[in-house]
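Spelled out, the chains give:
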Amino acid sequence: MRARQPKPAHVPRLWLMTDARIASDLPRIITALPARSAVVVRPYALGNAGKEASLRPLRRIALAKRHLLLLAGPGDDRAYHGRHGFRGHAKSTPVSAPVHNRRESERARKAGVAIVLISPVYGTRSHQDARPIGRRGFGSLAAQTRGLAIALGGMDAERFRKLRNDGAHGWAAIDAFARDQKRNWVPT
């Protein structure tokens, strides 16, 4: 068992997950996020310009807004989101890890991951064939991991408020930030 990873000094409550649907809008969305939010950049969501070139403007915005910027995938010396550290591909424990079931929850707990993104809590366009775990499932996985739990999957500010008593530290979304969605992502 790995030692428990220290929690960052400030763990954001609002998290943006990136994907190809919002790729062209990422600078606008990241700029519009409240200061000290989190952004998980998935490399496939960056388009064809190349990862480093695409990341530069996002890093500048994130730094100016004091966002936590995580790169999804195997970690190097940067903060990252993923399960790769569980398989020995990375020397360090991820800052955050995805949790979809009890097995992944247990692996995150044993690895000492401080922040887990538990999904899908509700139905979502991102994973239409995935069965939502609901409030009870979320609460159960959040308690099992012992890390700070971020709710993902069909989330918005109102649903987050309802999940706070079930162990949600924060919430993450993709569609809630899309230009065609109503702006229901300001946390309270």
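The structure we're discussing is the one just above.
Residues numbered from 1 in each chain as written. Predicted model: local features only at pLDDT ≥ 70, side-chain atom pairs only at ≥ 80, totals over all residues. Heavy atoms only, no water.

## Re the nonpolar core
Put simply, the test is: Residues grouped as a nonpolar core are buried Ala, Val, Leu, Ile, Met, Phe, Trp, Tyr and Cys residues, joined through side-chain atoms within 4.5 Å. Exposure is judged per residue with a 1.4 Å probe applied to protein chains only, and the accessible area is read against the type maximum: over 50% gives exposed, under 20% gives buried, and values in between give partly exposed. Any two residues whose heavy atoms approach within 4.5 Å are treated as being in contact.
Trp15, Leu16 and Phe138 are the most contacted members of the largest nonpolar core, which totals 53 residues. Those residues in contact with Trp15, other than ones at most four positions away along the chain, are Ala38, Val40, Leu68, Leu70, Ser96, Ile115, Leu117, Ile150, Trp171, Ala172, Ala173 and Phe177.

## Let's talk about helix H3 (residues 102–111)
What counts is decided by this rule: For helices the rule is a DSSP run of H or I covering at least 4 residues; for strands it is a run of E covering at least 2, with both sets numbered from the N terminus onward. Throughout this description, a polar contact denotes any pair of N or O atoms lying within 3.5 Å of each other; where both atoms belong to protein, one of them has to be capable of donating a hydrogen while the other can accept it, and for residues adjacent in sequence the pair is counted only when both atoms sit in side chains.
Within the sequence span of H3, burial applies to Glu104, Ser105, Ala108, Arg109 and Ala111. Along its buried surface, H3 packs onto strand S5 (96–99), strand S6 (115–118) and helix H4 (134–145). For H3, the side-chain oxygen to backbone nitrogen distance between the N-cap and Arg103 is 3.1 Å, and the N-cap itself is Asn101. Taken from the residues just after H3, Gly112 is the one with a positive phi, measuring 80 degrees.

## A few points about the environment of His169
With respect to the element layout, His169 can be found in strand S8 (residues 168–173). Through-space distance from the C-alpha of His169 to that of Arg13 is 6.2 Å; in sequence the pair is 156 residues apart. If near-sequence neighbours (up to four positions away) are discounted, His169 is found in contact with Val11, Pro12, Arg13, Leu148, Ala149, Ile150 and Phe160. Of the polar contacts made by the side chain of His169, one reaches the backbone oxygen of Val11; its length is 2.8 Å.

Remember, this is a structural readout, not a statement about activity or role.
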